[in-house]
Protein chains: 2
Amino acid sequence: MTAPTGRRERKKAATRQKIADAALRLFLERGYEAVGIRDVAAEADVAVTTLFAHFPSKEALVFGHDQDFERRLTEAVTDRAPGEPLIPALRREVQALVRHCTGDGSAPIWRLIDASQTLLDYEKSMRLRHAESLAAAIAADLGLPPATTACRTIARFVIDAYSLAREAADPEAALDEIFRMIEAAWAAARPSADPVGTTEP
Amino acid sequence: MTAPTGRRERKKAATRQKIADAALRLFLERGYEAVGIRDVAAEADVAVTTLFAHFPSKEALVFGHDQDFERRLTEAVTDRAPGEPLIPALRREVQALVRHCTGDGSAPIWRLIDASQTLLDYEKSMRLRHAESLAAAIAADLGLPPATTACRTIARFVIDAYSLAREAADPEAALDEIFRMIEAAWAAARPSADPVGTTEP
DNA sequence: TTTCAAAAGGCTAACCGTTAGTGCTACGGT
DNA sequence: ACCGTAGCACTAACGGTTAGCCTTTTGAAA
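Residues numbered from 1 in each chain as written. Chains lettered and ligands numbered in written order. Predicted model: local features only at pLDDT ≥ 70, side-chain atom pairs only at ≥ 80, totals over all residues. Heavy atoms only, no water.

## Notes on the pattern of salt bridges
Residue and element names in this part refer to chain B.
Okay, step 1: All told, the structure shown has 31 salt bridges over all chains when counted by the stated rule.
Okay, step 2: A salt bridge links Asp39 to Arg30; the nearest nitrogen and oxygen atoms lie 4.0 Å apart.
Okay, step 3: Among the ionic pairs, Arg152 bridges to Glu132, the shortest N-O distance being 3.0 Å. Of this pair, Arg152 sits in helix H8 (residues 149-167) while Glu132 is found in helix H7 (residues 117-141), placing the two residues 20 residues apart along the sequence. (Salt bridge = Lys/Arg side-chain N within 4 Å of Asp/Glu carboxyl O. Helix = DSSP H or I, 4+ residues; strand = E, 2+ residues; numbered from the N terminus.)

Shown next as structure tokens:
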């Protein structure tokens, strides 16, 4: 984590942070649509082109930590205790993620997102990309060829679980319900394992 | 279907068709990104504002029949034979839809879509909207309050099935595999029914 | 130390999708 | 026959995004 290289990267990170902070401040003050890229650039005291050198789009200003999400999901697969079954490990991580983004700390940002169709769309697209990474991680973990249908399917279901639970009135209960379904789906996908003893002859 | 009203609507429909045709022609010729809205408008011999009066966005020019997709899915639920179980009915319809869009007739359009990230993103967003409609239809059919977690979940899974099968090397096999998982998930969601006899005490 | 290539940032000007604002014309119901 | 309005056109602009070109900083080679 501690960079072996020096000053340039620190300055770059600082600029990026300055832009992200300015953007979030303005968005929370006036709302996402009411703030223009040029406003953000001015507030951060950088040129518009500099802003776009750090963030690929206006929406990305809000989702600065999307890589964390992706990393945490794949690591939940790769770094889990040896012998621990796949789905419960994913369930734990998704639960943590949902708790994090329904917690008080993240509430203003999510109010911002839920108020803008543009941001909602962007988020869903992002999640689908994450599903691909997750599918690859699952396939690798199981020693399967990448992009197996079953792996991609389960990855999508897990992302769906996150998305639906986040929107549900009672996220914890929703997560319970959905992951019960995912467990069943996963068991049906691989007639080898024995989750509760439903092995077939 | 045959309009009870007269000339105005016919002219309107003709204009819309003219625009859609011109757009498709240009897109297939030069590629989606290489064609501007102004090009399409000129080719269709209408004003840009007229174009946007008929289509809400550039992407919508390509997905002119998205309402068909939504309608067919919900009708697969509401119009199925009395007593027919839900999931097989959905499976049949999804299979038909996948066959349709992997058939030779639709091949060029889908090559167009798969070549543009913008269009792919738009398509996924569309499907998520369709999932909401499907969830509502399922909930209504089962006499449940709308937007139940289980219904929304199954609806998402069905949409995932379509999306994944379309991209798979062997769509039919993928559909088999995924719907086996969906059946299991559905059975797990409602401990009342008895799909294979997995009733709990 | 000097030198140099690349990175980071800036400025201008434009492109492209999209949307007012305005007005004209033809159609359809009264 | 009359009038409201739907369909369409035209101009201008707005806002996100990018290309072209230039300056400064910085890391490292010479």
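## Some words on the interface of chain B and chain A
Okay, step 1: Each partner contributes residues to the interface: chain B has 26 residues there, and chain A has 26 residues.
Okay, step 2: Together, the buried faces of chain B and chain A total about 2,400 Å²; carbon and sulfur atoms form 65% of this surface.
Okay, step 3: Of all residues in chain B, the largest losses of buried area upon contact with chain A belong to Arg156(B), Leu164(B) and Met181(B), amounting jointly to 26% of the total for that side.
Okay, step 4: At the junction of chain B with chain A, the criterion picks out four salt bridges.
Okay, step 5: For the pair chain B and chain A, the interface holds four residue pairs in polar contact (both at pLDDT 80 or more).
Okay, step 6: Secondary structure elements with two or more residues in the side of chain B that touches chain A: H7, H8 and helix H9 (171-189) of chain B.
Okay, step 7: With eleven residues, H8(B) is the largest single contributor of residues to the side of chain B that touches chain A.
Okay, step 8: When its residues are assigned to classes, the side of chain B that touches chain A shows 13 nonpolar, five polar and eight charged. (Contact = heavy atoms within 4.5 Å. Buried area = accessible area lost by both parts, 1.4 Å probe. Polar contact = N/O pair within 3.5 Å; in protein donor to acceptor, adjacent residues only side chain to side chain. Nonpolar A, V, L, I, M, F, W, Y, C, P; charged D, E, K, R; others polar.)

## Details of the confidence of the model for chain A
Okay, step 1: In this model, chain A carries a mean pLDDT of 92, and residues with pLDDT of at least 70 account for 93%.
Okay, step 2: Taken together, the stretch residues 194-201 of chain A has pLDDT below 50 and engages in four contacts with residues farther than four places along the chain or on a different chain. (pLDDT = per-residue confidence, 0-100.)

## Quick look at the protein's contact with DNA strand D
Okay, step 1: Close contacts around DNA strand D come from 23 residues, with Lys11(A), Lys12(B), Thr15(B), Thr50(B) and His54(B) the closest.
Okay, step 2: Each atom of DNA strand D within 4 Å of the protein belongs either to a base or to sugar and phosphate, the latter forming 63%.
Okay, step 3: At 2.4 Å from a phosphate oxygen of DNA strand D is found a side-chain nitrogen or oxygen belonging to Thr15(B).
Okay, step 4: Thr50(B) is positioned with one of its side-chain polar atoms (N or O) 2.3 Å from a phosphate oxygen of DNA strand D.
Okay, step 5: For the surface near DNA strand D, the secondary structure elements donating two or more residues are helix H1 (7-30), helix H2 (37-44) and helix H3 (48-54) of chain A together with helix H1 (7-30) and helix H3 (48-54) of chain B.
Okay, step 6: Class assignment for the residues of the surface near DNA strand D results in six nonpolar, eight polar and nine charged. (Near = heavy atom within 4 Å.)

## A word on the relation of the copies chain B and chain A
Okay, step 1: The transformation that overlays chain B on chain A combines an axial shift of 0.0 Å with a rotation of 179 degrees, and the residual RMSD is 0.2 Å. Both copies of the chain, as the preceding transformation shows, are related through a two-fold rotation axis.
Okay, step 2: A high fraction, 100%, of the interface residues of chain B reappear at the interface in chain A, so the copies pair face to face through one surface. (Least-squares fit on C-alpha atoms with pLDDT ≥ 70 in both.)

## Examining the protein's contact with DNA strand C
Okay, step 1: Taken together, 23 residues surround DNA strand C, and among them Thr15(A), Thr50(A), His54(A), Arg7(B) and Lys58(B) come closest.
Okay, step 2: When the atoms of DNA strand C within 4 Å of the protein are sorted by group, sugar and phosphate make up 62%.
Okay, step 3: Interatomic distance of 3.4 Å between a side-chain N/O atom of Lys12(A) and a phosphate oxygen of DNA strand C.
Okay, step 4: In the model, a phosphate oxygen of DNA strand C is placed 2.8 Å from a nitrogen or oxygen of the Lys58(B) main chain.
Okay, step 5: Those elements that place two or more of their residues in the surface near DNA strand C are H1 and H3 of chain A together with H1, helix H2 (37-44) and H3 of chain B.

## Things to note about the nonpolar core
Taken as a class, soluble globular proteins show a tendency for nonpolar side chains to be buried jointly.
Okay, step 1: Ile182(A) and Ile182(B) are the most contacted members of the largest nonpolar core, which has 121 residues in total.
Okay, step 2: In contact with Ile182(B), not counting residues within four places along its chain, are Phe157(A), Ile87(B), Ile154(B), Phe157(B), Val158(B) and Ala161(B). (Core = buried A, V, L, I, M, F, W, Y, C linked by side-chain atoms within 4.5 Å. Buried < 20%, exposed > 50% of the residue type's maximum accessible area, 1.4 Å probe, protein only.)

## Notes on helix H6 (residues 107-114) of chain A
Residue and element names in this part refer to chain A.
Okay, step 1: Burial in H6 covers these residues: Trp110, Leu112 and Ile113. Each buried residue of H6 lies within a common arc of 150 degrees when the element is viewed along its axis, so the set occupies one face.
Okay, step 2: For H6, the elements touching its buried residues are H1, helix H5 (86-102), helix H7 (117-141) and helix H8 (149-167). (Arc of directions from axis to C-beta.)

## A look at the packing of helix H6 (residues 107-114) of chain B against H7(B)
All names here are of chain B.
Okay, step 1: Running from N to C, H6 and H7 point in directions that differ by 105 degrees, and their axes come no closer than 7 Å. In terms of axis orientation, H6 runs roughly perpendicular to H7. Listed contacts from H7 to Trp110, Leu112, Ile113 and Asp114 of H6 are Leu119, Leu120, Glu123 and Arg127.
Okay, step 2: When the residues that make up the contact of H6 with H7 are grouped by side-chain class, the tally is five nonpolar, no polar and three charged. (Axes fitted to C-alpha atoms, helices over the stretch in contact; angles between N-to-C directions. Parallel < 35°, antiparallel > 145°, perpendicular 65-115°, else oblique.)

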